[in-house]
Amino acid sequence: MTALSALIRRDIRIALRVGGGALIGVLFFLTVVVLMPFAVGPDLALLSRLGPAILWLGALLASLLTLDRMFMADHEDGSLDLITMSRTPLELACAGKALAHWLAAGLPLIVATPVLGLLLNLDMVATGAVALTLLAGTPALTFTGMIGAALAVTLQRGGLLMAVLVLPLSIPVLIFGVAASQAVIFGPMTFGAPFSILCALSLVSLVIGPFAAAASLRQGLD
């Protein structure tokens, strides 16, 4: 556990430093949300209806933008070989790296959501609902995307492969995240049903993601 906590702290420090990728994701999220009102127009009612979908789509794309650095940097400097050969199980190390990625790149998106919701004419209740769904759903984006990041480590043009693999797996998270947010704003569907499915998707990805990523790394590094 000491080695795992050290790995998590190391990945967080690398992600938060200049060029680490975490700031890039937040800036991309900010850019998507700020530009969308200019594209949609001054219709405040339309912005309110599209607000949850815009925030969720921005979070999905920002998460995808930073996934390629989860294993690639370690592969380039040789750290990934040391992690693979260490006493810490590779599945646990993958889970730790995904957790560090979410803390550095996913959690800031949730913190920025209340401020960006004002640009989309969302009230406090709607913004809180979107932030809560992002808190429950972004771990699924990270742990699912970790599988594509592991597959892309040893392949040329791996970034394109990662996008092709991760986007279809992220669609259910996007659907239920937007559905739960809009249930609070418009109804008539209850918030509990899509939110429960969203939490279940995160729990399933938390279990499957580390094992699939570890198997991909072992296969690719052999």
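Scroll up to find the structure this text is about.
Conventions adopted
- Residues numbered from 1 in each chain as written.
- Predicted model: local features only at pLDDT ≥ 70, side-chain atom pairs only at ≥ 80, totals over all residues.
- Heavy atoms only, no water.
- Helix = DSSP H or I, 4+ residues; strand = E, 2+ residues; numbered from the N terminus.
- Phe/Tyr/Trp six-rings, centres within 6.5 Å; stacked < 30°, edge-to-face > 60°.
- Patch = residues over 30% accessible without salt bridge, like charges linked within 9 Å, V, L, I, M, F, W, Y side chains within 5 Å.
- Areas by Shrake-Rupley, 256 points an atom, 1.4 Å probe, with all protein chains shown as cover.
- Salt bridge = Lys/Arg side-chain N within 4 Å of Asp/Glu carboxyl O.
- Buried < 20%, exposed > 50% of the residue type's maximum accessible area, 1.4 Å probe, protein only.
- Axes fitted to C-alpha atoms, helices over the stretch in contact; angles between N-to-C directions.
- Parallel < 35°, antiparallel > 145°, perpendicular 65-115°, else oblique.
- Left-handed = near helix turned anticlockwise from the far one by under 90°.
- Contact = heavy atoms within 4.5 Å.
- Nonpolar A, V, L, I, M, F, W, Y, C, P; charged D, E, K, R; others polar.

Colleague: How should I be thinking about unusual backbone geometry in this particular structure?
Modeller: For residues besides glycine, phi is generally negative; the peptide bonds are generally trans as well. Here Asn121, not a glycine, exhibits a phi torsion of approximately 60°, which is positive. Along the chain, Asn121 turns up in the loop between helix 6 (90-119) and helix 7 (124-151).

Colleague: What's the story with the packing of aromatic side chains in this structure? I'm lost.
Modeller: For any pair of aromatic rings, the description consists of the separation of the ring centres together with the inter-plane angle of the planes. All told, the structure shown has 1 aromatic pair when counted by the stated rule. Ring geometry for Phe191 and Phe195: centres 4.9 Å apart, planes at 25°, overall stacked.

Colleague: I tried to follow a nonpolar patch on the surface on my own but got confused; where do I start?
Modeller: There is a patch of nonpolar side chains on the surface, built from Leu23, Leu27, Leu30, Val34, Leu35, Phe38 and Leu119 and spanning about 690 Å² of accessible area. In terms of residues, the nonpolar patch owes the most to one element, helix 2 (residues 22-40), which gives 6 residues. In this fold, Leu119 is placed in helix 6. With relative accessibility at 42%, the residue Leu119 sits in the partly exposed group.

Colleague: Explain the packing of helix 3 (residues 44-66) against helix 6 to me, please; I cannot follow it from the model alone.
Modeller: Two quantities define a packed helix pair, namely the angle between the axes and the distance from one axis to the other. Where helix 3 meets helix 6, the closest approach of the two axes is 11 Å, and the angle between their N-to-C directions is 155°. The pairing of helix 3 with helix 6 is recorded here as roughly antiparallel in orientation. Classified by chirality, the crossing of helix 6 by helix 3 is right-handed. Residue-level inspection shows Leu47, Leu55, Ala59, Ala62, Ser63 and Thr66 of helix 3 in contact with helix 6, the latter providing His101, Ala105, Leu109, Thr113, Leu116 and Leu119. Here the residues of the contact of helix 3 with helix 6 sort into 8 nonpolar, 4 polar and no charged.

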